[in-house]
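Coordinate analysis (summary)
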Amino acid sequence: MILILEPNTDVAGEDFKRLQETLSSLPGVHTRLHQEHGAQQVLTEVYLIGDTQSLSVTDMQALPSVERVVRVSEAYRILGRHKDDTRPSGFEYNGVRFGQDTLNVFAGLCAVDSEESVEHMMQALQESSLVCTRMGAYKPRTSPYSFQGLGHACLPYVFRLASQYGIKVIAMEVTHESQIDEIRAALASTRSTTGVMLQIGTRNTQNFELLKAVGRQHEFPVLIKRGFGITLEESLNAAEYLASEGNRQVIFGLRGMKTNMGDPHRNLVDFAHVPVVQRLTRMPVCVDPSHSVGVPTRGPQGILDIMHATAQGVIAGANMVLVDFHPDPSVAKVDGAQALRLEELPHFLEDVRIVREAYQKRVELARRFEKAEAIAQ
Ligand code: PEP
Ligand code: MN
């Protein structure tokens, strides 16, 4: 059960003290406090954990400072979308809003391979007015003999160039918690104005110790990819690990499922799950057409399979697109086959715009029919 307190409730005040006294007298129930510091107000929620079945919503609602009570189902207590749960989804980070109603494109390098390619990439982003990107420094590779990413060595120029080209958020995978400190240190030493979204890759979706460590820090938001060989429920529980440690700025990423049934694509595209995740949770949903499709092939009309998959995610309401680009895919050290060329960025963005508009029209249409049905009843 969640008690949503009145905005700006003073947790040092008398009312809150009385509330705490009552809650601590409930048998078999313990509490966990969560505060969200927004630009205008501080939102406080008290999670009641344990034997809450017998508690009445009306009684809890009458307690001091309590504005609203939400009874949560067992699954995804914090990130889940519960019955009568109208808490807002999403968050703002470094001036960029992420929600179930927004769309942000993160075009960038799968793996950073040189300062030159980072600069070319960022120039192209600036020309297209994009403020988000992806830059892989720590790469989890199938073979130990493959390029493992440049690691912390590339961070200073990545962050310096990001500031220079007006980039606000960089999605960057971490494979070990020590890398969070390296990122923090490089941001500080370069005095960069960019932000970083920590990415949990599909190979680490159930690396619970990494999830706990990334969840314990509240400075950076997190993009968690769906595990490529586990159920959706298992992956959503993995996301809940982050939130249960205190970090709720979580985006859920679909990136295709590993099965030969997806051949000749690298993975089987699962973007029909965008609305499923939005219904079950309050997380914004990202799609990664590059790692889903993995190949540079196109249909007979000339449209790249990667652009078709992007469109399938966006038409279903995706909130973020993570997509690989490279100034020269033929020399990219990781996943060159799925990288689009910088010259293809304007085409890609125009295509996304068309599909986003179509999605928005579909939402209006659904509302119109819903209203008409309600009137008819
Ligand atoms: C990536 O985004 O660079 C990546 C490795 O993706 P995934 O974890 O989905 O394979
Ligand atoms: Mn990759």
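Residues numbered from 1 in each chain as written. Chains lettered and ligands numbered in written order. Predicted model: local features only at pLDDT ≥ 70, side-chain atom pairs only at ≥ 80, totals over all residues. Heavy atoms only, no water.

**Focus on the pattern of salt bridges**
To be explicit about the condition: A pair is scored as a salt bridge if a Lys or Arg side-chain nitrogen falls within 4 Å of a carboxyl oxygen belonging to Asp or Glu. Partly exposed describes any residue whose relative accessible area lies between the buried limit of under 20% and the exposed limit of over 50%, with all areas from a 1.4 Å probe on protein chains only and scaled to the type maximum.
Overall, the coordinates contain 15 salt bridges when judged by the stated rule. Residues Arg341 and Glu343 are paired through a salt bridge, measuring 3.3 Å at the closest nitrogen-oxygen approach. The class for Arg341 is partly exposed, based on a relative accessible area of 37%. By relative accessible area, which is 55% here, Glu343 ends up exposed. Each of the salt bridges in this network shares a partner with another, and the network as a whole consists of Arg298, Arg341, Glu343 and Glu344.

**Some remarks on the sheet that holds strand β1 (residues 2-5)**
Worth spelling out the cut-off: Strands were regarded as paired on the criterion that DSSP finds at least two bridges between them. Each helix corresponds to a stretch of at least 4 residues labelled H or I by DSSP, and each strand to a stretch of at least 2 residues labelled E; elements are numbered beginning at the N terminus. Each axis is a line fitted through C-alpha atoms, and for a helix only the stretch in contact is used; angles between axes span 0 to 180 degrees, taken between their N-to-C directions. Note on definitions: a residue-residue contact is assigned when non-hydrogen atoms from the two residues lie within 4.5 Å.
Judged by pairing direction, the sheet is antiparallel, and its 4 strands sit side by side in the order β2-β3-β1-β4 without closing on themselves. Of all strands in the sheet, those with a lone pairing partner are β2 (29-37) and β4 (66-70), marking the two edges. Ignoring which end each strand starts from, the neighbouring axes of this sheet average 20° apart. Direction of pairing for β1 relative to strand β3 (residues 42-50): antiparallel, over a ladder of 3 bridges. The residue bridging Leu3 from the neighbouring strand is Val46, located in β3. Helix-sheet contacts for helix α1 (residues 14-24) involve β1, β2, β3 and β4, and the interaxial angle to β1 is about 170°.

**Overview of the coordination of the manganese ion (ligand 2)**
Coordination angles at a metal have ideal targets, namely 109.5 degrees for four tetrahedral donors and 90 or 180 degrees for six octahedral donors. Note the cut-off: Donor atoms (N, O, S) are those found within 2.8 Å of the metal centre, with the cutoff raised to 3.2 Å for Na, K and Ca; water is not part of the atom list, so apparent gaps in a site can occur.
Only Cys110 (SG), His291 (NE2) and Asp335 (OD) from the protein coordinate the manganese ion (ligand 2), and they sit 2.0 to 2.4 Å from it. Here the donor residues of the manganese ion (ligand 2) are spaced in sequence according to C-x180-H-x43-D. With His291 in helix α9 (residues 289-293) and Asp335 in the loop between β14 (320-326) and β15 (340-341), this residue pair connects regions lying 44 residues apart in the sequence. For His291, a relative accessible area of 8% translates into the label buried. Classification of Asp335 by relative accessible area gives partly exposed; the value is 21%.

**Considering the domain arrangement of the chain**
Worth spelling out the cut-off: An automatic or database domain assignment is the source of the domain bounds shown. Using a 1.4 Å probe, buried area is obtained as the accessible area two parts lose upon being combined, added over both of them. Whenever a nitrogen or oxygen atom comes within 3.5 Å of another N or O atom, the pair is scored as a polar contact, on the condition that within protein one atom can donate a hydrogen and the other can accept it, and that pairs from neighbouring residues in sequence are kept only if both atoms are in side chains.
Assigned domains within the chain: domain 1 (2-73) and domain 2 (91-365). Using C-alpha coordinates to define each centre, domain 1 is positioned 35 Å away from domain 2. Facing 5 residues of domain 1, the contacting portion of domain 2 comprises 4 residues. For the domain 1 face of the interface with domain 2, the top three residues by lost area are Arg32, His34 and Glu36, together amounting to 81%. At the boundary of domain 1 and domain 2, one finds 1 salt bridge. Between Arg248 and Glu45 there is a salt bridge, with the nearest N and O atoms lying 2.7 Å from each other. On the surface where domain 1 and domain 2 come into contact, there are 4 residue pairs in polar contact (both at pLDDT 80 or more). Looking at the side of domain 1 that touches domain 2, the elements with two or more residues in it are β2 and β3.

**With respect to the site of ligand 1**
Test applied: Any residue with a heavy atom positioned within 4 Å of a molecule or strand is treated as near that molecule or strand. Put simply, Ala, Val, Leu, Ile, Met, Phe, Trp, Tyr, Cys and Pro go in the nonpolar bin, Asp, Glu, Lys and Arg in the charged bin, and everything else, Gly too, in the polar bin.
Taken together, the neighbourhood of ligand 1 is formed by Cys110, Arg134, Lys139, Glu173, Gln199, Gly201, Thr202, Arg203, Lys225, Arg255, Asp288 and His291. At a separation of 2.6 Å, an oxygen atom of ligand 1 approaches a polar side-chain atom of Lys225. A breakdown of the residues in the shell around ligand 1 according to their chemical character gives 1 nonpolar, 4 polar and 7 charged.

**Topic: the side chain of Lys225**
With respect to the helices and strands, the residue Lys225 is situated in strand β11 (residues 222-225). A polar contact is formed between the side chain of Lys225 and the side chain of Asp288, at a distance of 3.0 Å. Ignoring sequence-local partners within four residues, the contact set of Lys225 consists of Gln199, Ile200, Gly201, Thr202, Thr205, Gly253, Arg255, Asp288, His291 and Leu322.

**A closer look at helix α10 (residues 305-315)**
For α10, the full list of buried residues reads Asp305, Ile306, Met307, Ala309, Thr310, Gly313 and Val314. Those residues of α10 that are buried lie in contact with α8 (274-280), β13 (285-287), α9, β14, β15 and α11 (345-376).

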